[in-house]
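# Topology and contacts: notes
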Amino acid sequence: MTKVIALANQKGGVGKTTTAVNLGIGLAGDGKKVLLVDADAQGNLTDSLGFHEPDNLSVSLATLLTKTMLEESYEAREGILHHHEGVDLMPGNIELSAVEVSLVNTMSRETILRSYIDSVKADYDYVLIDCMPSLGMLTINALAAADSVIIPVQAHYLPAKGMTQLLQTIARVRRQINPKLVLDGVLLTMVDSRTKFAKDISFILRRDYGDKLRVFNTEIPLSVRAAETSAKGKSIYVHDPDGKAAEAYAAFTKEVQSIGRERRHARQHQADHSR
Ligand SMILES: Nc1ncnc2c1ncn2[C@@H]1O[C@H](COP(=O)(O)OP(=O)(O)OP(=O)(O)O)[C@@H](O)[C@H]1O
Ligand SMILES: [Mg+2]
């Protein structure tokens with residue numbers, strides 16, 4: 001079964017794209033087949049994987065979403081690129097801005113991305129969607145297409161109001177469009193071990209949103225080496241294999257897989273007891 005995960009937070013610069021790259025390549029390193037989907041018109045994910053001029057690509061996510069909207073046919077692997085560290089990429093670029101506008105007047109406007117992903121996901125164990133920093137139509141489409149959401153949060157900013165709005169949006173998508181959507185949890189990123197901000201934020205999140213909001217045990221440290229990876233087009237595992245950020249992303253990758261296993265066991269347990 002394929003698991004589709006959206007990396008979402010409408011706040012900019014919190015580590016969504018960096019996490020998409022290093023979780024995706026981490027999963028591939030564990031033998032999983034992974035498709036990364038760049039659902040951000042900035043094209044940062046595409047750029048970070050070494051395709052440095054996303055706007056010059058002739059086929060990108062915008063192309064396939066447009067074909068899906070118009071009910072035009074396309075090749076199953078059309079436009080999918082391959083990164084040498086073992087992941088596939090559906091690139092994104094500036095053309096997504098126009099698509100986002102045209103979605104507004106489209107039938108099934110919330111589920112166009114889901115239709116596209118449904119048509120390619122059989123080839124993959126994981127599909128990771130890197131969202132843009134907004135709660136617009138493309139992010140709603142990502143939430144509608146996903147089985148679960150991971151929310152990266154930058155450890156030195158109080159996520160107060162934004163988090164409430166994001167959780168409300170997730171709840172609304174679950175009620176109206178995608179009942180199976182679950183929140184995997186919050187990932188604290190850019191954690192500076194010299195300060196106690198990360199602990200404060202974990203405490204505040206638990207206080208304000210209760211135990212339902214899981215905060216991942218793994219925290220991603222603040223690391224210049226992690227910030228360098230996007231220009232290099234490499235993951236942290238290749239750029240700085242022995243560093244703390246690589247260790248953290250590897251641990252986070254394991255944690256994400258263990259959540260999947262816990263959920264399958266819980267469902268099995270429920271099924272056994274309802275017989
Ligand atoms: N652990 C880290 N330590 C230091 N810098 C980091 C770390 N992770 C990411 N960065 C840097 O912080 C910036 C924002 O990260 P990233 O692009 O992953 O965030 P984002 O949430 O995807 O941003 P946007 O909302 O613009 O899409 C980038 O310059 C990135 O290189
Ligand atoms: Mg990004």
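As recorded in an unreviewed UniProt entry, the protein goes by Chromosome partitioning protein ParA and comes from Gordoniibacillus kamchatkensis.

A few words now on the site of ligand 1. Taken together, 18 residues lie near ligand 1, and Lys16, Thr17, Thr18, Pro221 and Ser223 sit nearest. Between Gly15 and ligand 1, the recorded distance is 2.9 Å, taken from a backbone N or O atom to an oxygen atom. Within the contact set of ligand 1, a nitrogen atom lies 2.9 Å away from a backbone nitrogen or oxygen of Pro221. In isolation ligand 1 has 630 Å² of accessible area, and contact with the protein removes 80% of it. Elements supplying a minimum of two residues to the shell around ligand 1: α1 (16-29) and α9 (224-232).

Another point: the sheet that holds strand β7 (residues 182-189). The sheet built from seven strands is open, its strands ordered β3-β4-β2-β5-β1-β6-β7 with mixed pairing. Single-partner strands in this sheet number two, and they are β3 (81-83) and β7. If you compare each strand with its neighbour and ignore which way they point, the axes differ by 25° on average. Judged from the three bridges that link them, strand β2 (residues 34-39) and strand β4 (residues 87-90) form a sheet pairing that is parallel. Following the sheet pairing, Leu35 is matched in β4 by Asp88. Relative to strand β5 (residues 126-131), α1 is tilted by about 170°, and along the sheet it contacts β1 (3-7), β2, β3, β4, β5, β6 (148-154) and β7.

Turning our eyes to something else, we now look at the nonpolar core. Core analysis: the biggest nonpolar cluster contains 56 residues, and Leu61, Leu65, Leu113, Tyr116, Ile129, Ile151 and Ile170 have the highest contact counts within it. Here this core takes seven residues from helix α6 (residues 137-145), the largest share from any one element. Apart from the residues within four sequence positions on either side, Leu65 is in contact with Leu96, Val99, Ile112, Leu113, Tyr116 and Leu138. Judged by nonpolar contacts, the second largest core, of 29 residues, contains Ile5, Leu23, Val87 and Ala226.

Tracing the chain through its elements places Gly92 in the loop between β4 and α4 (95-103). With relative accessibility at 0%, the residue Gly92 sits in the buried group. Considered as a pair, Gly92 and Leu57 are 35 residues apart in the sequence and their alpha carbons are 8.9 Å apart. Excluding anything up to four places from it in sequence, Gly92 contacts Asp38, Asp40, Gly43, Thr46 and Pro54.

Bringing α9 into the picture now. Its side-chain oxygen 3.2 Å from the backbone nitrogen of Arg225, Ser223 forms the N-cap of α9. Two residues or fewer after α9 comes Gly233, characterised by a positive phi angle close to 70°.

Right, let's talk about the pattern of salt bridges for a bit. A complete count under the given rule lists 15 salt bridges for this structure. The residue Lys67 makes a salt bridge to Glu78 at a minimum N-O spacing of 3.0 Å. Within this pair, whereas Lys67 is found in helix α3 (residues 61-69), its partner Glu78 is found in the loop between α3 and β3, the two being separated by eleven residues in sequence. For the pair Lys67 and Glu78, a shared accessibility class is recorded, and that class is buried. Between Arg77 and Asp123 there is a salt bridge, and its shortest N-O distance comes to 3.5 Å. Separated by 46 residues along the polypeptide, Arg77 in the loop between α3 and β3 and Asp123 in the loop between α5 (112-120) and β5 bring together distant segments of the chain. Taken together, the shared-partner salt bridges in this structure form one network comprising Lys3, Asp184 and Arg263.

Here we take up α3. Most of α3 is tucked away, with eight of its nine residues classed as buried. Within α3, the full set of buried residues consists of Leu61, Ala62, Thr63, Leu64, Leu65, Lys67, Thr68 and Met69. Buried residues in α3 make contact with β2, β4, α4, α5 and α6. In the stretch just after α3, Glu71 is the one whose phi turns positive, near 55°.

Two elements in contact, α5 and α6, have axes whose closest approach is 7 Å; the angle formed by their N-to-C orientations is 45°. With respect to each other, α5 and α6 are oriented oblique. When the axes of α5 and α6 are compared, the crossing they make is right-handed. On α6, the residues that touch Ile112, Leu113, Arg114 and Ile117 of α5 are Asn141, Ala142, Ala144 and Ala145. In the contact of α5 with α6, the residues fall into six nonpolar, one polar and one charged.

Cut-offs applied
- Residues numbered from 1 in each chain as written.
- Chains lettered and ligands numbered in written order.
- Predicted model: local features only at pLDDT ≥ 70, side-chain atom pairs only at ≥ 80, totals over all residues.
- Heavy atoms only, no water.
- Near = heavy atom within 4 Å.
- Polar contact = N/O pair within 3.5 Å; in protein donor to acceptor, adjacent residues only side chain to side chain.
- Areas by Shrake-Rupley, 256 points an atom, 1.4 Å probe, with all protein chains shown as cover.
- Helix = DSSP H or I, 4+ residues; strand = E, 2+ residues; numbered from the N terminus.
- Pairing = 2+ DSSP bridges.
- Axes fitted to C-alpha atoms, helices over the stretch in contact; angles between N-to-C directions.
- Contact = heavy atoms within 4.5 Å.
- Core = buried A, V, L, I, M, F, W, Y, C linked by side-chain atoms within 4.5 Å.
- Buried < 20%, exposed > 50% of the residue type's maximum accessible area, 1.4 Å probe, protein only.
- Salt bridge = Lys/Arg side-chain N within 4 Å of Asp/Glu carboxyl O.
- Parallel < 35°, antiparallel > 145°, perpendicular 65-115°, else oblique.
- Left-handed = near helix turned anticlockwise from the far one by under 90°.
- Nonpolar A, V, L, I, M, F, W, Y, C, P; charged D, E, K, R; others polar.

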